[in-house]
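# Examining the three-dimensional arrangement
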Amino acid sequence: MLGLDRPLPDSMATLLDGRRLAAAIEQRLLAVITAGLPLAGRAPGLAVLRVGDDPASGVYVANKEKACSRVGIRNLGAHLAADTAAADVLAQIQRLNADPEVDGILLQLPLPVGLEEGPLLAAIDPDKDADGLHTLNLGRLLKGEAGPRSCTPAGVMALLAAAGVDLAGKRAVVVGRSILVGQPMALMLQAAHATVSVAHSRTRDLAALTRQAEVLVVAAGRPRMIGAEHVRPGAVVVDVGIHRQPQGGLCGDVRFEEVEPIASAISPVPGGVGPMTVAMLLVNTVLAWCHRHGVDGAALEDLLV
Ligand code: NDP
């Protein structure tokens, strides 16, 4: 258990190591898949649907495909040309919805200009929604019902749980209110009995709010915006942001070198939330496969709030 109650940490912050935890989750996935294969009669299948040639998406899709092959998930995705008509992308999604070999579908964002993501995301079968972003699944999260969970916030929750952070009664602040990260993050923290505030671009005196946080999750998409002045000594800080720096390398929304000495735990960028997002995508896919075939997925269910 991290010492959230003490005023100042005596030493360096615990590193919330997403790479290590994701590797451990992959081992659990491999074990569940191996044990379930005889009953299911086929490996789980994930279809990552990429449209166009956004270069960052290329890296993300490749990472997801590599992670699938490490745990024995079949990659059933497709890469469509940037000028594919919306009706053809929709037809592809409908084909994947109907394909009995496909357990999870992910539409990689952003889409090329001219393609509206809303109707396409809505067309994904909610039970194959590997990203957990379908309206029905966000509703399930809101109501505390089982279902695929949004991967990035679910990954943050798994990181916190693995570090032994007990959220009950804690003051948590989420910076960012996107549907992708901030909103589901706040719901998950609340489900774990934290008292949650959500900050956004119109929040007045952000630092005064974030300094109240015992657990601070930053998903503002603003490179290095959170510094020591935003952080309560001893806080647990999770940095969701990820940015390519002009001088090369990646950075987050948090100025790590400033915040790490005062935090009790902090996630690095890279190697924090990023690998956890991919791991939770696999968890959603494998759990869908378990449900479809009556395979025991109990060994994974603690990973989803
Ligand atoms: P969005 O741009 O959709 O949302 C950003 C949110 O932050 C908005 O709610 C915005 O407020 C708020 N915000 C912006 N500036 C400020 C500010 N100065 N003070 C307070 N709040 C602010 O981003 P996403 O949620 O999609 O992503 C956030 C970051 O996380 C990005 O860097 C993204 O790359 C990264 N990311 C990383 C993932 C990973 O796996 N590691 C996965 C997904 C995202 P408002 O609503 O008022 O505009």
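Residues numbered from 1 in each chain as written. Predicted model: local features only at pLDDT ≥ 70, side-chain atom pairs only at ≥ 80, totals over all residues. Heavy atoms only, no water.

Regarding its fold elements, the protein chain presents eleven helices and twelve strands. A globule of 305 residues ought to have a C-alpha radius of gyration of about 19 Å, and the protein chain, at 19 Å, matches this closely. Counting every position in the protein chain, which comprises 305 residues, the buried fraction comes to 50%. Sequence separation of at least 24 residues holds for 72% of the intrachain contacts in the protein chain that already meet a minimum separation of 6. By element, 56% of the accessible surface of the protein chain is carried by carbon and sulfur atoms, the whole surface being about 13500 Å². Side chains of the protein chain give 27 positive and 31 negative charges; the mean places of these two sets differ by 3 Å. (Helix = DSSP H or I, 4+ residues; strand = E, 2+ residues; numbered from the N terminus. Rg over C-alpha atoms; globule rule 2.2 N^0.38 Å. Buried < 20%, exposed > 50% of the residue type's maximum accessible area, 1.4 Å probe, protein only. Contact = heavy atoms within 4.5 Å. Areas by Shrake-Rupley, 256 points an atom, 1.4 Å probe, with all protein chains shown as cover. Lys, Arg positive; Asp, Glu negative; His and termini not counted. Charge placed at Lys NZ, Arg CZ, Asp CG, Glu CD.)

This brings us to the domain arrangement of the protein chain. Once the domains are mapped, the protein chain shows domain 1 (42–124) and domain 2 (163–274). Placing a centre on the C-alpha atoms of domain 1 and another on those of domain 2 gives a separation of 29 Å. (Domains from an automatic or database assignment.)

Of all the five residues making up strand β6 (residues 171–175), four are buried; the element is thus mostly covered by neighbouring parts of the structure. Note: β6 against strand β7 (residues 195–199), five bridges, orientation parallel. In the strand pairing of β7, R171 is matched with T195. Note: β6 against strand β8 (residues 215–218), four bridges, orientation parallel. Note on β8: the bridge partner recorded for A172 is V215. (Pairing = 2+ DSSP bridges.)

Taken together, the neighbourhood of the ligand is formed by 21 residues, with R177, S178, H200, S201 and T277 sitting nearest. Contact distances for the ligand include 3.4 Å between an oxygen atom and a backbone N or O atom of A220. Measuring from a nitrogen atom of the ligand, one finds a side-chain N or O atom of R222 at 3.3 Å. If the ligand stood free it would expose 930 Å²; the protein chains cover 70% of that surface. Looking at the shell around the ligand, the element that brings in the most residues is helix α10 (residues 273–293), giving three residues. Residues belonging to the shell around the ligand are distributed by class as follows: nine nonpolar, ten polar and two charged. (Near = heavy atom within 4 Å. Polar contact = N/O pair within 3.5 Å; in protein donor to acceptor, adjacent residues only side chain to side chain. Nonpolar A, V, L, I, M, F, W, Y, C, P; charged D, E, K, R; others polar.)

Before going further, it helps to examine the environment of L30. Here L30 lies in helix α1 (residues 18–40). When the C-alpha atoms of L30 and V286 are compared, they prove to be 9.6 Å apart, with 256 residues separating the residues in sequence. Sequence-distant contacts of L30, that is, excluding residues within four places in its chain, are made with R70 and V71.

For the rest of this paragraph, the subject is a nonpolar patch on the surface. Taken together, the side chains of V59, Y60 and I242 present a nonpolar region at the surface, about 240 Å² in accessible area. Within the element layout of this structure, I242 appears in the loop between β9 (236–239) and β10 (243–244). The partly exposed category is assigned to I242, whose relative accessible area is 40%. (Patch = residues over 30% accessible without salt bridge, like charges linked within 9 Å, V, L, I, M, F, W, Y side chains within 5 Å. Salt bridge = Lys/Arg side-chain N within 4 Å of Asp/Glu carboxyl O.)

All right, on to unusual backbone geometry then. Note the cis peptide between L109 and P110, where omega equals 0°. Position of P110 among the secondary structure elements: in the loop between β5 (104–107) and α4 (117–123). That bond from V269 to P270 is cis: its omega, 0°, falls within 30 degrees of zero. Phi angles above zero are rare outside glycine, and H193 is one such case at about 75°. You can see H193 is positioned in the loop between α7 (182–191) and β7. Classification of H193 by relative accessible area gives exposed; the value is 56%. Positive phi values are uncommon outside glycine, yet D205 reaches one of about 45°. Its place among the elements puts D205 in the loop between β7 and α8 (206–210). For D205, a relative accessible area of 54% translates into the label exposed.

To continue, consider the environment of V59. Among the secondary structure elements, V59 is positioned in helix α2 (residues 55–71). Overall, the relative accessible area of 41% leaves V59 in the partly exposed class. For the pair formed by V59 and L15, sequence separation is 44 residues and the distance between their alpha carbons is 25 Å.

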